[in-house]
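# Architecture and fold: a report
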Amino acid sequence: MIANPPLQLTVLTGLGTCHSVVCIELCIPEEKMSPLHNHSKSERPGEMEDNARDSVPEQHMDDDEEWCCNLKENFVIQKYITKGSYGRIFKIQENSSNLFYALKVISRFSKDELDEVDELQKLREKRIMETIESYPFLVKLHSSFTTPLHIVLIMDYIDGISLADYVESLDACTLPEGDAAFYIAETSLALHFLHKNGIIHRDVKVDNIMIDVDGHVKLIDFGGAKDGLGFGVRTSTLICSEFNAAPEIFSELSYTFMVDWYALGIVLCLMLTSDHPFISLVGRCSEEITLQEYKNMISAIQKKEFHLKKDVSSDAFSLLQRLLEADPKKRMGSCDSADEMEIKQHVFLNEIDWTMLEEKKAKPPFIPKVENARVKQL
């Protein structure tokens, strides 16, 4: 139940030169928000939750004969994994190879009405994944199809762990700076690949960065991504995670690729300090935050009041300052082009061999334990 009136943000939307001003409501519960490190259910194509069932729950299958009939000849549905903002994730196994894949099933329309804008975004996710090709630090789409009611994506099954859960599993809930540099470097390569291909991710967070069976990064969940952009080109749709949102999303009518680099700064801060730079969660990582704390965080972001809760090296602090720069024109990444990455030159990443990293020959700092070796990961 929402006891407080929803927060409202006015954003500019539209296609081409035809724009309209719409009001987006952020409905925040009166007492508590969801946890920072897992504030929305991530659509992780692999990592099994403790409460995941060994069989597919009946309530997830009753109305799904339409898309199931397209899979029966070639795949067996092994498990229901989770439900995200746009779709449900299942673990499936290919009959011919015994390889595992992740299956994402997206309902094309809401139950209440035919929402054309929502359907366009869902179809965009399919289109984006079809054009990404095989990039080592992005989850790969292997096959897809649409039905009158569903969009179905067959992707890498990542039998690993999310960066969020890995960091939280450590005694100090923080990573050594060298390890954090490795994950930031691989994620930055994924972002640059997306950007030079005209794609903005818009939901970069620790929950959406997976560590695969080889210890390398896989950036997942393109449910909020947008394509057809170029360096410096602006967009305006309000699709993001509130806790990783750049200040221009709250205060301006449009934004660029720079919101992804800002979100990467939040990721770095969480890895190094186990805390958000604009809201204190020390000692209560798994607890929810109140509405007032959420409002204070938005205010701090807009006022550029960023504070670290733990000491970091001067090099790490310097990169955090550049990534969390409130002015997107001065932020790390603002000088990027299709051929150049500004972050490669930063002193915090001096130990990174970028050639080895791009070829996945750099030694990862951590290899997760996996439940089954027969997974499809390229």
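For the structure, see preceding data.
Presented here is a report on the structure given in the accompanying data block. Please read these numbers as outputs of a predicted model, since none were measured by experiment. (Residues numbered from 1 in each chain as written. Predicted model: local features only at pLDDT ≥ 70, side-chain atom pairs only at ≥ 80, totals over all residues. Heavy atoms only, no water.)

### Topic: the nonpolar core
Leu138, Leu163, Tyr183, Phe222, Leu268, Met271 and Ile343 are the most contacted members of the largest nonpolar core, which has 90 residues in total. Per-element accounting of this core gives the leading share, 13 residues, to helix α6 (residues 258-273). Sequence-distant contacts of Leu163, defined by excluding residues within four places in its chain, comprise Leu175, Tyr183, Val206, Ile209, Ile211, Val267 and Met271. If you look at the next biggest cluster of nonpolar residues, it comprises 14 residues, including Trp67, Leu99, Leu103 and Val105. (Core = buried A, V, L, I, M, F, W, Y, C linked by side-chain atoms within 4.5 Å. Buried < 20%, exposed > 50% of the residue type's maximum accessible area, 1.4 Å probe, protein only. Helix = DSSP H or I, 4+ residues; strand = E, 2+ residues; numbered from the N terminus. Contact = heavy atoms within 4.5 Å.)

### A word on the pattern of salt bridges
Tallied over the full model, the rule gives twelve salt bridges. The salt bridge involving Arg322 is made with Glu342; its shortest N-O contact spans 2.9 Å. Note that Arg322 is positioned in helix α8 (residues 314-323) and Glu342 in the loop between α8 and α9 (354-358), a separation of 20 residues in sequence. The shortest N-O distance in the salt bridge between Glu359 and Lys361 comes to 3.3 Å. A single network of salt bridges, built from pairs that share partners, joins Lys104, Glu125 and Asp221. (Salt bridge = Lys/Arg side-chain N within 4 Å of Asp/Glu carboxyl O.)

### Observations concerning the packing of aromatic side chains
The final tally for this structure, using the stated rule, is nine aromatic pairs. Where Tyr166 meets Phe366, the ring centres are 4.0 Å apart and the plane angle is 15 degrees; that geometry is what we call stacked. Here Tyr166, found in helix α3 (residues 163-169), pairs with Phe366, found in the segment after α9; they are 200 residues apart in sequence, far enough to count as distant. Across from the ring centre of Phe100, 4.1 Å away, lies the NZ or CZ of Lys91, which sits over that ring. (Phe/Tyr/Trp six-rings, centres within 6.5 Å; stacked < 30°, edge-to-face > 60°. Lys NZ or Arg CZ within 6 Å of the ring centre and 35° of its normal.)

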